[in-house]
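Observations on chain architecture
Single-letter residue listing:
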Amino acid sequence: MVSRAKDTHTTNRVVRIDDEDWAAYELACKAKGLTRSADIRMHVKREVAAWRRQQREVAAENSES
């Protein structure tokens with residue numbers, strides 16, 4: 001069974017990050033007024049959006065050929 005967070009209905013993911021970086025990342029996120037989870041989700045969404053734009057551009061270029 002997949003574990004889901006009740007508040008967001010998102011699936012828990014496991015990543016490996018060393019303790020020193022994880023602690024510093026928490027401070028960096030707090031300075032931005034975000035949780036680490038929120039910052040990671042925003043990063044993933046930006047990356048996916050950029051990838052999708054690139055895919056559309058490639059498809060448009062291929063359809064023009």
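The sections below set out a description of the structure shown in this document. (Residues numbered from 1 in each chain as written. Predicted model: local features only at pLDDT ≥ 70, side-chain atom pairs only at ≥ 80, totals over all residues. Heavy atoms only, no water.)

1. Examining a negative patch on the surface
- Judged by side-chain charge, Asp 18, Asp 19, Glu 20 and Asp 21 come together as a negatively charged surface patch.
- For Asp 18, the location among the structural elements is in the segment before helix H1 (19-32). (Patch = residues over 30% accessible without salt bridge, like charges linked within 9 Å, V, L, I, M, F, W, Y side chains within 5 Å. Areas by Shrake-Rupley, 256 points an atom, 1.4 Å probe, with all protein chains shown as cover. Salt bridge = Lys/Arg side-chain N within 4 Å of Asp/Glu carboxyl O. Lys, Arg positive; Asp, Glu negative; His and termini not counted. Charge placed at Lys NZ, Arg CZ, Asp CG, Glu CD. Helix = DSSP H or I, 4+ residues; strand = E, 2+ residues; numbered from the N terminus.)

2. Some details on the pattern of salt bridges
- Summed over all chains, the structure comprises 2 salt bridges.
- Two residues, Lys 30 and Glu 26, come together in a salt bridge whose shortest N-O distance is 3.8 Å. In this pair, Lys 30 and Glu 26 both sit in helix H1, 4 residues apart, roughly one turn of the helix.
- On the basis of relative accessibility, which here comes to 31%, the residue Glu 26 falls in the partly exposed class.
- Close ionic contact of Asp 39 with Lys 32 constitutes a salt bridge, the shortest N to O distance being 2.7 Å.
- For Lys 32, a relative accessible area of 51% corresponds to the exposed category. (Buried < 20%, exposed > 50% of the residue type's maximum accessible area, 1.4 Å probe, protein only.)

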